[in-house]
Each structure stands twice: as structure tokens, then as C-alpha cells.
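Chain and residue survey
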Amino acid sequence: MAEHTISSITIEAAPAVVMAVIADFARYPEWTGEVKEAEVLSAGADGRAEQVRLVLDAGAIKDDHTLAYTWKKDEVSWTLVKSQMLRSLDGSYRLAPVDGGGRTEVTYQLAVDVKIPLLGMIKRKAEKVIIDRALAGLKKRVESAEGAGA
């Protein structure tokens, strides 16, 4: 990714539990804050989403867009397919087991380019807000009783 914003958090759950919550797009509006709607448009043979339509409201960035997802054992990445206001959106969650796998370090990387002129500083701030809220929401969701059952 070109210019990007990156942040990490440690979650009190195994990587497989964290990945199950990440892969459950239907429940994103319950915990992400910015995602108001999520619809899986296509899934692979393994049942994991390949294309997802998301309606996003992240303050400075509001959009209805479609992302293409690529899944690996401990990483999921996405890239923009189509959007109303974004030129590009590339991101990933990388999961690393901690303390023998009972905890997970989640690293979120995001690069967004909007079609409207936006100062780099404002864009980075929006990326940081999206990442921080997503990581905090993911941690809360996974560590709650609801997330553990995902």
C-alpha cells in the first residue's frame, strides 16, 4: 500500500475467534460504528465473503461501496471494487497469536483516497479514526459473550 495508516491492539481471544468475528459481515453494523449496512454479494467455495457492499458513515467519509476480500490463514485484505466517493480503499487485518495463542495481536492497515479534494492531514485523521474505532469495536465484540459465540 502507498501512504497508509496502521495501528494494532491485543485481544483476549485466539486468532480463530477474532477472524470469525471479522468474517461475520452481517453483524458489522452492531459493533463497527461506521458501517451502517453490510451485504455479502458473493462468497468463495469456503463460504467466506469475496465481495461485500458496505454503507459507511465515518464523519468526513460517507459512502456506499463494494470491497473485494482476500483471505489467508491469519490475514484478510480488501480492495475497492466500486464507490460513490472513494478513488481507492485498501486495507487489511493481520492476526498474530500472543502467549501461545490465547490472545491475538490485530494489526489494521488502511489507505483511503477520496474523489473530492481533501487535505492529506484530514484524510490521515479520518483513516486513524476509522482504524481506532474498528479495533476498539472488534476488541469489545470479541471479548464479549456475543463475540465469543461468533
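Just above, that's the structure.
Criteria and cut-off values
Residues numbered from 1 in each chain as written. Predicted model: local features only at pLDDT ≥ 70, side-chain atom pairs only at ≥ 80, totals over all residues. Heavy atoms only, no water. Helix = DSSP H or I, 4+ residues; strand = E, 2+ residues; numbered from the N terminus. Buried < 20%, exposed > 50% of the residue type's maximum accessible area, 1.4 Å probe, protein only. Contact = heavy atoms within 4.5 Å. Arc of directions from axis to C-beta. Pairing = 2+ DSSP bridges. 1 Å grid on protein atoms, 1.4 Å probe; cavity = no way out; pocket = protein on both sides within 12 Å on 5 of 7 lines; lining within 4 Å. Points joined across faces, edges and corners; volume = space filled by probe spheres on them. Nonpolar A, V, L, I, M, F, W, Y, C, P; charged D, E, K, R; others polar.

This part covers the overall build of the chain. Along its length, the chain carries four helices and seven strands. Mapped from its N terminus to its C terminus, the chain presents α and β elements in the order β-α-α-β-β-β-β-β-β-α-α. Counting only residues that meet the buried cut, the chain has 42% of its 150 residues in that class. Counting only contacts in the chain whose residues sit at least 6 apart along the sequence, the fraction spanning at least 24 positions is 49%.

In this section: helix H1 (residues 15–23). Among all positions in H1, only Pro15, Val18, Met19, Val21 and Ile22 are buried. With its buried residues spanning 160° around the axis, H1 presents them on a single face.

Bridge count between strand S5 (residues 75–83) and strand S6 (residues 86–98): five bridges; the pairing is antiparallel. Bridge pairing in S6 places Val76 opposite Tyr93. Once S5 ends, the chain turns through two residues before running back antiparallel as S6.

So, about empty space enclosed by the protein. Scanning all chains against the criterion turns up two cavities of 30 Å³ or more. In terms of lining residues, the largest cavity is bounded by 22 residues, among which Val35, Leu54, Trp78, Tyr108 and Ile130 are the most central. Looking at the lining of the largest cavity, the elements that each hand over two or more residues are helix H2 (28–31), strand S3 (49–58), strand S4 (61–72), S5, S6, strand S7 (103–114) and helix H3 (120–143). Ranked by residues supplied to the lining of the largest cavity, first place goes to S4 with four residues. For the lining of the largest cavity, the per-class residue count stands at 19 nonpolar, two polar and one charged.

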